Amino acid sequence: MIDVQNVSKSYGAVEAVKDVSFTVEQGEILGFLGPNGAGKTTMMKMITCYMPPTGGKITVDGLDVVNDSMGVRKKIGYLPESTPLYEEMGVRDYLNFIADVRKVNGADRTRAMDRVISVTGLAKVIHKDIHELSKGFRQRVGFAQAIIHDPEILVLDEPTTGLDPNQIIEIRNLIRQLGESKTIIFSTHIMQEVQATSDRVLIIDQGKIAAQGTAEELKASIAGQMHLNMVLRHADKSKFIEVVTAMDQLHMEDIKVQKNGDIEAALIIDAGADLREQLFDLAVSNQWKILESSPSSFTLEDVFRKLTN
Amino acid sequence: MSEILAIYRKEMKTYFNSPIAFIVISSFLVITNWLFFDYGDYPFFAINIADIRGIFDYGAIVLLFIAPAVSMRLISEEKHQDTLELLVTMPITDMQIIIGKYLSTLVIFAIILAGTLIAPISISFVGDLDSGIVISSYIGFFFLGATYLAMGLAASSFTRNQIIAYIVGIVIIAVFFLMNGMANGSGMIATLFENLSIRFHYQNFFRGVLDTRDLIYFISLIFVSLLVSSTALASRKSK
């Protein structure tokens, strides 16, 4: 549905996007994950025909974003970052204006208005002016304008930024619901968000793709490493460090001595390693008492930090 | 065409949902009529001659300050609220956006023009007005205002700050208006400046004659201003 090939974008001497290629299949929800300033917004501005790439080619449903810009724009619904809206307009007037420009007229208009109002839950505020709305409702108005022409593709730039936890969940549900029938690209810098909503994740950092795949695939790309948090009593810090460094598949991440003298260590275990017996024997031979030993798998957040640092 | 009308309707709603339209129209009419009827060395009531030229003389100056106030928000506010990004990613060309917005300011100006009719209508009851001159003067005044508004729109398309758009708009208009005074004598440069100046072409309308050269002059200025505005919108593409 969306095909991005070797795309670059420079602002003067600054290269915001460097030779990026990826595709989005029809009906897929793709999460763009990256730290602020990674090039996510730039990428979206190019897909939505706001500005052309300086190199490479983007096609949307076979149409080129530069040569067939009008055709592409008709297929896309776009919610730019921070949801720009005409503050002084009424909600209904605003949606009517968008429908006007998008040429959704007559009976289609009535149906489209009813549909977007019910999907985005705007009925309560439809007669208000936009500047009177809360952040959550503003976001819904932004969604409503993006789907009023029932586009095949939705491009959403950080749709949950600035919302409270309840609103975030509402918006995520909305994305999932719309994703049942549409192709969606959305960006975020929050890990849980992509995990919660997208079929596939594309991690972008410093203008390049750092990794892509499903959330599970990305976690597996860290090759099944595990965290292990241990608390030991009657252990000596330097001795413990020495022992751990001597072991093959175990790595020290952090170590702290608690007030009562207990040692708290954060360790990383290599993929496939089973060190349970070894660690038990080690503790026994050194007369350490294991108070706590809790393994945990890597989260997408770890993947993200590892890839974007 | 329907895209242009969509933009036009939106702008009209904005003008009339807020006090902008009312303030702009009424200030122009109050100030201009006051200057015409009751100010200066030859106020209308004192000289007792059925001539409404004063309306257009004073009007040209008052409009210099009013027209940029009408057009200053057109693009700069879209930039300031970041709504421009959404607008230019919808299936509408940059030129359609510009024309739709420009059209709305022309309608505001048409209301102003209608408001000034009070003077010729009331005067025609008490004296003999040369209707030919009145009509040609009105045509001149319309083109003058249309040019001011187009220049104000161009100024608005370069900045996200309305105050800057307003001041720059006034400066651009003033430079074109006063250009004939910039070079003295009868040399080539003086003739060129004179022919480029708004005031020179504007005055011709008061003789009751419509000269195509004057019309072409104003239409070209409008066309260039709209082209500049549209180019300014498109500059996002080459950043």
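So, how was this worked out
- Throughout, residues of each chain are indexed from 1 in the direction in which the sequence is written.
- Ligands are numbered from 1 and chains lettered from A, in the order in which they are written.
- Restriction of local features to residues with pLDDT of at least 70 applies here, the model being predicted, together with a cutoff of 80 or more for giving and counting side-chain atom pairs; totals for whole chains, interfaces and linings are based on all residues.
- A run of DSSP states H or I qualifies as a helix once it reaches four residues; a run of E qualifies as a strand once it reaches two. Both are numbered from the N-terminal end.
- When we talk radius of gyration, it's over C-alpha atoms, and the globule rule is simply 2.2 Å times the number of residues to the 0.38.
- Field definition: a residue is buried when 20 or more other C-beta atoms are found within 10 Å of its C-beta, exposed when 12 or fewer are, and partly exposed for counts in between, with C-beta atoms placed from the backbone.
- A pair of strands is treated as paired once DSSP finds two or more bridges between them.
- Every axis corresponds to a line fitted to the C-alpha atoms, with the helix fit spanning only the stretch in contact, and the corresponding angles, defined between N-to-C directions, vary from 0 to 180 degrees.
- By the convention adopted here, residues make contact when the C-beta atoms placed from their backbones lie within 7 Å.
- Here a nonpolar core is just a set of buried residues of the types Ala, Val, Leu, Ile, Met, Phe, Trp, Tyr and Cys, joined wherever their C-beta atoms sit within 7 Å.
- Per the annotation, domain bounds derive from an automatic or database assignment of domains.
- Every crossover in which the path from the first strand over the helix to the second runs clockwise, viewed with the strands pointing away from the viewer, is termed right-handed.
- Ten residue types, Ala, Val, Leu, Ile, Met, Phe, Trp, Tyr, Cys and Pro, are classed as nonpolar, four, Asp, Glu, Lys and Arg, as charged, and the remainder, Gly among them, as polar.
- Here, expected helix span is obtained from the residue count minus one, scaled by 1.5 Å.
- Any angle from 65 to 115 degrees is called roughly perpendicular, while one under 35 is roughly parallel, one over 145 is roughly antiparallel, and all others are oblique.
- Less than a right angle of anticlockwise turn of the near helix away from the far helix marks a crossing as left-handed, whereas a clockwise turn marks it as right-handed.

1. Brief notes about the overall build of chain B
Then comes step 1: Secondary structure assignment for chain B yields 13 helices and 0 strands.
Then comes step 2: The globule rule puts the C-alpha radius of gyration for 239 residues at 18 Å, and the 19 Å found for chain B is close to it.
Then comes step 3: Residues counted as buried form 41% of the 239 residues belonging to chain B.

2. Structural notes on the overall build of chain A
Then comes step 1: Per the secondary structure count, chain A includes 11 helices and 14 strands.
Then comes step 2: A globule of 309 residues ought to have a C-alpha radius of gyration of about 19 Å, yet chain A, at 25 Å, is considerably larger.
Then comes step 3: Projected onto its principal axes, the C-alpha coordinates of chain A cover approximately 85 × 45 × 35 Å.

3. Re the sheet that holds strand β14 (residues 289-297) of chain A
Residue and element names in this part refer to chain A.
Then comes step 1: Within the open sheet, the 4 strands sit side by side as β12-β13-β11-β14. Their pairing is antiparallel. Each edge of the open sheet is held by one strand with a lone partner, namely β12 (250-257) and β14. Between one strand and the next, the sheet's axes are offset by a mean angle of 20°, whatever the strand orientation.
Then comes step 2: One ladder, built from 7 bridges, connects β12 with strand β13 (residues 263-269); its direction is antiparallel. Residue pairing for β13: Val257 is matched across the bridge by Ile263.
Then comes step 3: Helix α9 (residues 237-246) rests against β11 (226-233), β12 and β13 of the sheet, and its axis sits at about 170° to β12.

4. Regarding the nonpolar core
Then comes step 1: In this structure, Ile47(A), Val155(A), Leu149(B) and Ala150(B) are the most contacted members of the largest nonpolar core, which totals 131 residues.
Then comes step 2: No other element matches the 12 residues that helix α9 (residues 131-156) of chain B contributes to this core.

5. Quick word on the domain arrangement of chain A
Then comes step 1: Considered domain by domain, chain A is made up of domain 1 (2-221) and domain 2 (226-308).
Then comes step 2: For domain 1 of chain A and domain 2 of chain A, the distance between their C-alpha centroids amounts to 43 Å.

6. Here's the deal with the pairing of strand β9 (residues 200-205) of chain A
Residue and element names in this part refer to chain A.
Then comes step 1: Relative to β9, strand β3 (residues 29-33) is paired through 4 bridges, and the arrangement is parallel. Its bridge partner lying in β9, Phe32 is registered against Leu202.
Then comes step 2: A loop of 2 residues connects β9 with strand β10 (residues 208-213), the two strands running antiparallel in sequence, and Gln206 in this loop sits at a positive phi of about 50°.

7. Thoughts on the sheet that holds strand β1 (residues 2-11) of chain A
Then comes step 1: A sheet is described by the order of its strands in space; here 4 strands give the open sequence β2-β1-β4-β5 (chain A), paired in antiparallel fashion. What marks the edges here is a single partner per strand, and that holds for β2 (14-24) and β5 (63-64) of chain A.

8. Considerations on the pairing of strand β8 (residues 183-188) of chain A
Two faces make up the sheet, and in a regular strand the side chains alternate between them.
All names here are of chain A.
Then comes step 1: Most of β8 is tucked away, with 6 of its 6 residues classed as buried.
Then comes step 2: Of the two faces of β8, the one carrying Thr183, Ile185 and Ser187 and the one carrying Ile184, Phe186 and Thr188 are both buried.
Then comes step 3: The sheet contact formed by β3 and β8 spans 5 bridges and is parallel. Paired with Phe32 across the bridge in β8 is Ser187.
Then comes step 4: Judged from the 5 bridges that link them, strand β7 (residues 153-157) and β8 form a sheet pairing that is parallel. Within β8, the position partnered with Ile153 by the bridge is Thr183.
Then comes step 5: Note on the crossover from β7 through helix α6 (residues 165-179) to β8: the handedness is right-handed.

9. So, the interface of chain A and chain B
Then comes step 1: With 23 residues of chain A at the interface, the matching set in chain B holds 22 residues.
Then comes step 2: Secondary-structure elements contributing two or more residues to the side of chain A that touches chain B are α2 (69-75) and α3 (91-101) of chain A.
Then comes step 3: A per-element tally of the side of chain A that touches chain B places α3(A) first, with 4 residues.
Then comes step 4: For the side of chain A that touches chain B, the residue count by class is 13 nonpolar, 2 polar and 8 charged.

10. Quick notes on unusual backbone geometry
Residue and element names in this part refer to chain A.
Then comes step 1: The backbone phi angle of Asp19 is positive, close to 50°, even though this residue is not glycine.
Then comes step 2: Along the chain, the position of Asp19 falls in strand β2.
Then comes step 3: In this structure Asp19 comes out as partly exposed when scored by C-beta crowding, with 14 C-beta atoms within 10 Å.
Then comes step 4: For His234, which is not a glycine, the phi torsion comes out positive at approximately 60°.
Then comes step 5: By the C-beta count within 10 Å, which is 12 here, His234 ends up exposed.

11. A closer look at the environment of Gln206(A)
Residue and element names in this part refer to chain A.
Then comes step 1: Mapped onto the elements of the fold, Gln206 is located in the loop between β9 and β10.
Then comes step 2: The class for Gln206 is partly exposed, based on 15 C-beta atoms found within 10 Å.
Then comes step 3: Linking Gln206 and Val17, residues 189 residues apart in sequence, is a C-alpha distance of 7.4 Å.

12. Digging into helix α10 (residues 162-178) of chain B
Then comes step 1: Between its terminal C-alpha atoms α10(B) stretches 24 Å, which fits the 24 Å expected from 17 residues at 1.5 Å a residue.
Then comes step 2: Against α4 (53-71), α5 (73-80), α9 and α12 (198-204) of chain B lie the buried residues of α10(B).

13. Topic: the environment of Thr54(A)
Then comes step 1: Among the secondary structure elements, Thr54(A) is positioned in the loop between α1 (40-47) and β4 (55-60).
Then comes step 2: Separated by 46 residues in the primary sequence, Thr54(A) and Ser8(A) place their C-alpha atoms 5.7 Å from one another.

14. Examining the packing of α3(A) against helix α5 (residues 135-147) of chain A
Residue and element names in this part refer to chain A.
Then comes step 1: For the pair α3 and α5, the least separation of the axes is 9 Å and the interaxial angle reads 25°. Classified by the angle their axes make, α3 and α5 are roughly parallel. The crossing of α3 and α5 is right-handed. Packed against α3, whose contacting residues are Val91, Tyr94, Leu95 and Ile98, the element α5 presents Val141, Ala144 and Gln145 at the interface.

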